[in-house]
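# Coordinate inspection notes
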Amino acid sequence: MAAFEQGISNLSLDTGAGDLSSMEKQDASKHLFSQVDWDSYLRAGVFLSQSEFQLLERAQDNIDFAMGNETSARALANLLMKLADKCTSSVPAQQYVFTRVEEILVGSEDLMEFQKRALLFTVDGKNLQDGPFLRALRANDQYVQRSASAGLALLLNAAEGEHNSFIAWLYEMFASGNPSSVEIAVPAMTILVRHEAYRRPLLAKNCVGTIGHLLVKLGTNGNAQMIYELCFCLWALSLDRYCDMKVFINANIVQLLTDLMSAAPSRKVVRVAVSALHNLAIGQSENILTEMLSGGLTKILG
């Protein structure tokens, strides 16, 4: 959890979908709040009561105040999950709800506060209300997919949920090779790999090979941010102490990372590539070390 704790306060996810991608979570949620037809829900009186809408308004004005009170925090989380579950035909409502969940989670000041907030989205203090998130993964709106997947990845770092279906979706998005699909799933993947418990099932899905294939397609002159995020995933997966090094050998990861270091698309790419190679080297695989020597790594480092 140390890597996750270090990253939570600095986490900034690009959630795509036009101008929303350049907004801070707070600004995005305020914008999306104004786009939802709340009056229609209030008139129907089925999904939303006047008192619940007032809670949304108060929380929109001051999220920290709402989260500072256990009763109002729980009420807000339950309301957001109800809206996510019931308002599936409204894209603006779905966009708002999942953005709001992200805002609540990434706005945590420290790991303890993050875990406290994440547990608000459980049914019993342990198991996630993950149904709305899993349904949103199949939404027709890319923003909803990306925001819901990032939120679910964050929550799975604090509570138990249906991670197998989620990992299958992530692999499907990566394996498609479709640039837009990969861009949707990458933020969630970079979050999920920070948790030790999920590295083994991701390795079992051959995510290393899929990431390697994507790096080959991108090339050393590809999008530097995407290259960094994919290399970050490789670094995190290389932390698995029981990992079979064959998955990295078969995917030609040593040579790919060496080539990236040589091309140096950005400093952070070089740093994460070096870190991943270090993890592979201390795995004491003779084949890995041989690849490093024959692939020109010593010349680059020298």
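Read on for an overview of the structure.

## A word on the pattern of salt bridges
For the structure shown, the criterion picks out ten salt bridges. Note that R117 and E113 form a salt bridge whose closest N and O atoms lie 2.9 Å from each other. Of this pair, R117 and E113 are both found in helix α8 (residues 111-118), four residues apart, which corresponds to roughly one turn of the helix.

## A word on α8
Of the positions making up α8, those classed as buried are L111, F114, R117 and A118. For α8, the angular spread of buried residues about the axis comes to 125 degrees, placing them on one side. Those residues of α8 that are exposed and angled more than 90 degrees off the buried face are M112 and K116. Between a side-chain oxygen at the N-terminus of α8 and the backbone nitrogen of M112 the separation is 3.2 Å; the capping residue is D110.

## Structural notes on the state of the cysteines
This structure, assessed with the given rule, holds zero disulfides. We note that C207 lacks a disulfide partner, and the nearest cysteine sulfur, in C233, lies 8.6 Å from it. With relative accessibility at 2%, the residue C207 sits in the buried group.

## Considerations on the nonpolar core
W38, L56, L76, F166 and F248 are the most contacted members of the largest nonpolar core, which totals 101 residues. If one sorts the elements of this core by residue count, helix α15 (residues 224-237) sits on top with ten residues. Those residues within four positions of F166 in sequence are excluded, and the remaining contacts are L134, L137, S149, L152, A153, L156, A188 and L192.

## Side note on the environment of L237
Secondary-structure assignment places L237 in helix α15. By relative accessible area, L237 is classed as buried at 0%. With 39 residues separating them along the chain, L237 and A276 place their C-alpha atoms 8.7 Å apart. L237 has contacts with V193, R199, L202, L203, V208, I211 and F248, leaving out every residue within four places of it along the chain.

## A few points about the side chain of R194
Note that R194 resides in the loop between α12 (179-192) and α13 (196-204). No salt bridge forms around the buried R194; measuring N to O, its nearest opposite-charge neighbour E229 is 8.4 Å away. Reaching out from R194, the side chain makes a polar contact with the backbone oxygen of T190 at a distance of 3.0 Å.

## What about unusual backbone geometry?
Look at N206: it is not a glycine, yet its phi comes out positive at around 60 degrees. Along the chain, N206 falls in the loop between α13 and α14 (207-218). Residue classification places N206 among the partly exposed residues on the basis of a relative accessible area of 38%.

Conventions and cut-offs
Residues numbered from 1 in each chain as written. Predicted model: local features only at pLDDT ≥ 70, side-chain atom pairs only at ≥ 80, totals over all residues. Heavy atoms only, no water. Salt bridge = Lys/Arg side-chain N within 4 Å of Asp/Glu carboxyl O. Helix = DSSP H or I, 4+ residues; strand = E, 2+ residues; numbered from the N terminus. Buried < 20%, exposed > 50% of the residue type's maximum accessible area, 1.4 Å probe, protein only. Arc of directions from axis to C-beta. Polar contact = N/O pair within 3.5 Å; in protein donor to acceptor, adjacent residues only side chain to side chain. Disulfide = S-S within 2.5 Å. Core = buried A, V, L, I, M, F, W, Y, C linked by side-chain atoms within 4.5 Å. Contact = heavy atoms within 4.5 Å. Lys, Arg positive; Asp, Glu negative; His and termini not counted.

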